[in-house]
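# An overview of the molecular structure
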Amino acid sequence: MMWRLNASGLDRDRLHLLLIVHTYLCCLGDCLYVTDYFTRTPRKLNAFRSFASVELFHFNVPDDTVVAVWNLITFKEQGGTFGDSCPDRNVTVYFRSGAPPIINPLHTRFPHDTMVPSVFAVTLTWTLPNRTTGVFNVTSPLPGDWFLAAHLPKDEGKISVKGLYEECQYLFQPQLIVQRLIGISVLYPGYFIDQMIPVHNRSVLYKIFVPNYISQLKVQLADCSTRNKSTESCPLLLKIRARAPPLHNSSSVDCQEQSICELDMPLHSWEQWYYILVERYLGNVDVYFRIRVRVKDCSKASIIKGSSAFNMPQSYGNAMGTSSSEALPVSGLPSLSWNGSAQNPFLLSGDSMAYLGLITDTSKCWPIQPTLRNELDTFSVHFYIFFGPNISVPPDRATVFAINLMPVLDSGGVLNMEVRLNVSSLKEENITVFGCLNHGMPFSLPDNSTTKCKSESVTGFALSVNGTSNVTKLRIPYPQTGTWYLSLRSLCATEHGFQACRNVTAEVYLRTYLTPCINDCGTYGQCKLLRTNNYLYAACECKAGWEGWGCTDNSEAYSYGFQLLSTLLLCLSNLMFVPPVAIAIRSHYLLEASVYIFTMFFSTFYHACDQPGIVVFCIMEYDVLQFCDFLGSLMSVWVTVIAMARLKSVIKQVLYLLGAMLLSMALQLDRHGLWNLLGPSLFALGIMTIAWTLRTIRRRRCYPPTWKRWVFYLFPGIMIATSAVALYAFVETEENYFYIHSIWHMLIAGSVGFLLPPRAKPTTKVPPMQRRRGCGYQLCINENEEMGPVDPAIVTINSICTS
């Protein structure tokens, strides 16, 4: 693999990639290859909080691919333009074949009994103000599904108001260029084929398909020569690898010191292509050789005495569609005699070149029992065992079960397995049941097995149960699709280790199922079903400070006391609306008081339902509570400002009703938008300003007219409301949300108590009849000021009644 950064243009990047690919391919032979190009739509990256905040990309690498090059493009945007002023933030990209990568950038604890496979990870650093490009090269990648996960580093968790300022966006776009060989020669088991490596080639590549129930693969090279002259040694290097062309660390053998070169390879995957690479040492000469492939076929294991025959194929040839002896015509093929005994599993019968591969291998080919798949929901699948769930593990052989995961569909969940030992079936024997879960083919458990489940070619997940610890569990997040095999073997503990038991059959309870998340993310998490293009996967989103893949890491978790305190702060802080309600009722602002009561009620119960921990109380659906809380908050601002405008009663009521309808519509469009708050507020302030200005012009004096109203009411109310908005918009974060938002509640409620105008007194007028009867002076006051009783010094006599 190779990783490098390149900040040049995209066309130059592609040219460099093609040059790298071309140089590699010309070492393989005649450069018969095709180029495929794949790209994905750019997506906005998020700061990492959990896997639910990661952007996932899905690619498919074709078969016979010799090199795959990912071109990783990251660029900044701000307000629809290039974000040259945006700060540089590292972008981490993870790669995994077969299933989405399981990442842990925060180094949190995984749930117990969870197996975590390894992944590739690279970090992109910026080389230009607004763009950077990286190249990730994988030589001979495994074919099939590949997944890329990208995210930004974890931030401080600032809560920003949507639309307040142009946010810096970091976009990521992966592109894939693959080069795959065409026309690779296909080998068939049991026959020698004459081959040659021409002088202008360094190597030659073959492939052979290995179906089910094959335990071993052997490749033989013979009759090496140069320019039709035999040599004592074979100047060739032989390599084998499953699923993709061999690499430098693949299984290999040096044939220079051997006249007949053989390479045995224990298999670790069925139903796959195996690639054979033959490289030469000598230069400037043509190298001739003969190559043959042999396999151990154990599909006749069902003839073993006492074994079951669940779902066993009849022969290797049937798996290929035709029998081995009928696969190729014998006539015309070169023959070669081999020395060997009748016990040689790869013995040839005379010179007929017929293949004898149906070998009973009792150590590796136990009967495989299938499971019944029962789909309940998305990523909710149960695998039932025939005649189960209680199964018997005999003492003389292993019991093997096959679990088939559907391609792509099942890789986005969690594979769960539980094994429980029936202690009463042990008959007071010190028996341990070992298990090994492998992908691709079952693992061979020898008689002296230990808890390890690993060999040179196979690595699986081990589990064991005994009389002391009779229950074990295993969880595999994002498992690879295909067939998984569970091998169970009962062994007895002795002074010299574990040995095969005698006449004691252990009984175990096996439960296997697929779930979206581990334990449904527990008490402090929510399992979310996510989608990227047409691929579905599930991930946990934790709360209340809990972290980890299954929300089980409580190192930063909130205590119960803190959760209770934060809930009480957010709920009881709404009681600050009680004084404004009392002031409004006392001043005969009954409509305004009803709005404040509505806001106080729904804000209290919304925050009681919105808590991340277990101190939660919901009187109705969360969405309804949230809508009513936002509507009440905006309506409180609206009615307060309109009341300050001192409009006629009919106009004021019309504006109240119109504001309620328009605010409801705006909240349905976007509840977190900035203009949902600023729009109504600015419109109401405009109405109030116009009303105050007209009143000031008509009366030729500033309105409100008294300095006490400005100093003791308006100015404090404006300062309190401004402070509340500043805290809400610039200070509030996820860590201080509980007390900053509580302060916001109290400040907003307090500002309403200062800004709400005093009660308007009715206008005093003399009735016409009274005007005719009396004679004297009449005080006619057209408008009442907002501040208490009227000063007699400023009262004018508008009319004098005379008899």
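Nothing here was measured: the structure is a model prediction, and the numbers come from that model.

## Quick word on the overall build of the chain
In terms of helices and strands, the chain carries 11 helices and 36 strands. Classification of the 803 residues of the chain by burial places 47% in the buried group. Taking all contacts inside the chain whose residues are at least 6 apart in sequence as the whole, residues at least 24 apart take part in 77%. Of the accessible surface of the chain, which amounts to about 39500 Å², a share of 57% is contributed by carbon and sulfur atoms.

## A closer look at the packing of aromatic side chains
One pass over the structure, following the stated rule, counts 35 aromatic pairs. Note on phenylalanine 120 and phenylalanine 136: the rings are 6.3 Å apart at their centroids and 50° apart in plane angle, and the pair reads as tilted. Linking phenylalanine 120 in strand β8 (residues 120-124) with phenylalanine 136 in strand β9 (residues 131-139), this pair joins segments that are 16 residues apart in sequence. For phenylalanine 120, a relative accessible area of 31% translates into the label partly exposed. Residue class for phenylalanine 136 comes out buried when judged on its relative accessible area of 4%. When the ring of phenylalanine 562 is compared with that of phenylalanine 738, the centres are 5.4 Å apart and the planes differ by 85°; the resulting orientation is edge-to-face. Placement of phenylalanine 562 in helix α3 (residues 560-572) and of phenylalanine 738 in helix α10 (residues 737-755) is noted, with a sequence separation of 176 residues between them. Relative accessible area serves as the criterion here: at 6%, phenylalanine 738 is assigned to the buried category. Clustering of aromatic rings is evident, with ring pairs tying together Phe51, Phe110, Phe147, Tyr478, Tyr535, Tyr537 and Trp549. Of note, lysine 207 hangs over the ring of tryptophan 273, and the distance from its end group to the ring centre comes to 4.5 Å. Here the guanidinium or amino end of arginine 511 rests over the ring plane of tyrosine 513, the centre of that ring lying 4.2 Å away.

## Some remarks on the sheet that holds β8
Taken in spatial order, the 4 strands of this open sheet run β4-β10-β7-β8, and their pairing is antiparallel. Two strands close off the open sheet at either side, each with one partner strand: β4 (55-61) and β8. Averaged over all adjacent pairs, the angle separating strand axes in this sheet is 20°, with direction ignored. Inspection of the sheet shows strand β7 (residues 91-97) paired to strand β10 (residues 144-151) by 6 bridges, in the antiparallel sense. Across the sheet, residue tyrosine 94 finds its bridge partner in β10, namely alanine 149.

## Digging into the sheet that holds strand β17 (residues 236-242)
Reading across the sheet, the 5 strands line up as β12-β14-β20-β17-β18 and stay open at both edges, with mixed pairing between neighbours. Looking at the sheet topology across the chains shown, the edges are occupied by β12 (185-186) and β18 (251-254). Here 7 bridges tie β17 to strand β20 (residues 272-280), and the two strands are oriented antiparallel to one another. Along β20, the bridge assignment pairs isoleucine 240 with isoleucine 276.

## Notes on unusual backbone geometry
Proline 704 follows tyrosine 703 through a cis peptide bond whose omega is -5°. Summarising the element assignment, proline 704 is placed in the loop between α8 (675-699) and α9 (707-731). In the Ramachandran plot, histidine 107 falls in the positive-phi region, its phi being about 55° despite a non-glycine side chain. With respect to the helices, strands and loops of the structure, histidine 107 is situated in the loop between β7 and β8. A positive phi angle is found at alanine 544, which is not glycine, with a value near 55°.

## Quick look at the nonpolar core
Grouped together as the largest cluster of nonpolar side chains are 43 residues, with contacts concentrated most on Tyr596, Met635, Trp638, Val639 and Ile642. When sequence neighbours within four positions are dropped, the list of residues in contact with tryptophan 638 reads Leu655, Tyr656, Gly659, Pro680, Phe683 and Ala684. With 39 residues, the next largest nonpolar core counts Ile240, Tyr274, Val287 and Val293 among its residues.

## Here we look at the pairing of β7
Of all 7 residues in β7, 7 are buried, a share of seventy percent or more. The two faces of β7 match: Val91, Val93, Phe95 and Ser97 on one face and Thr92, Tyr94 and Arg96 on the other face are all buried. When β7 meets β8, the two strands line up antiparallel, connected through 5 bridges. Paired with valine 91 across the strands is leucine 124, a residue of β8.

## Some points on a nonpolar patch on the surface
Together, Tyr560, Leu564, Leu568, Leu572, Leu575, Val578 and Ile614 make up an exposed nonpolar region whose accessible area comes to about 640 Å². Ranked by the residues each element gives to the nonpolar patch, the list is headed by α3, at 4 residues. Among the structural elements, valine 578 can be located in helix α4 (residues 578-586). Valine 578 gets classed as partly exposed once you look at its relative accessible area, which sits at 42%.

## Observations concerning the UniProt feature "transmembrane region" (unreviewed entry) in the chain
Taken from the UniProt record, the annotation "transmembrane region" (unreviewed entry) applies to residues 675-694, 710-731 and 737-756. Helix makes up 100% of residues 675-694 and strand 0%, with an end-to-end C-alpha separation of 27 Å. Secondary structure within residues 737-756 divides into 95% helix and 0% strand; the distance between the first and last C-alpha atoms comes to 28 Å.

## Considering the side chain of asparagine 130
Mapped onto the fold, asparagine 130 is located in the loop between β8 and β9. With relative accessibility at 17%, the residue asparagine 130 sits in the buried group. In this view, asparagine 130 contacts Thr74, Phe75, Lys76, Phe82, Gly83 and Asp84; residues no more than four positions away in its chain are not counted.

## Brief notes about the state of the cysteines
Taken as a whole, this structure holds 6 disulfides when the rule is applied. Put simply, cysteine 521 and cysteine 540 are joined by a disulfide, and their sulfur atoms are 1.9 Å apart. Between cysteine 521 and cysteine 540, the S-S dihedral sits near -90°, and the bridge is therefore left-handed. With cysteine 521 in the loop between β32 (506-515) and β33 (525-532) and cysteine 540 in strand β34 (residues 535-542), the pair connects residues that are 19 residues apart, well separated along the chain. Its relative accessible area of 0% is what places cysteine 521 among the buried residues. Judged by relative accessible area, which is 6%, cysteine 540 ranks as buried.

About the cut-offs
- Residues numbered from 1 in each chain as written.
- Predicted model: local features only at pLDDT ≥ 70, side-chain atom pairs only at ≥ 80, totals over all residues.
- Heavy atoms only, no water.
- Helix = DSSP H or I, 4+ residues; strand = E, 2+ residues; numbered from the N terminus.
- Buried < 20%, exposed > 50% of the residue type's maximum accessible area, 1.4 Å probe, protein only.
- Contact = heavy atoms within 4.5 Å.
- Areas by Shrake-Rupley, 256 points an atom, 1.4 Å probe, with all protein chains shown as cover.
- Phe/Tyr/Trp six-rings, centres within 6.5 Å; stacked < 30°, edge-to-face > 60°.
- Lys NZ or Arg CZ within 6 Å of the ring centre and 35° of its normal.
- Pairing = 2+ DSSP bridges.
- Axes fitted to C-alpha atoms, helices over the stretch in contact; angles between N-to-C directions.
- Core = buried A, V, L, I, M, F, W, Y, C linked by side-chain atoms within 4.5 Å.
- Patch = residues over 30% accessible without salt bridge, like charges linked within 9 Å, V, L, I, M, F, W, Y side chains within 5 Å.
- Salt bridge = Lys/Arg side-chain N within 4 Å of Asp/Glu carboxyl O.
- UniProt positions renumbered as here; feature names shortened; annotations may be inferred.
- Disulfide = S-S within 2.5 Å.

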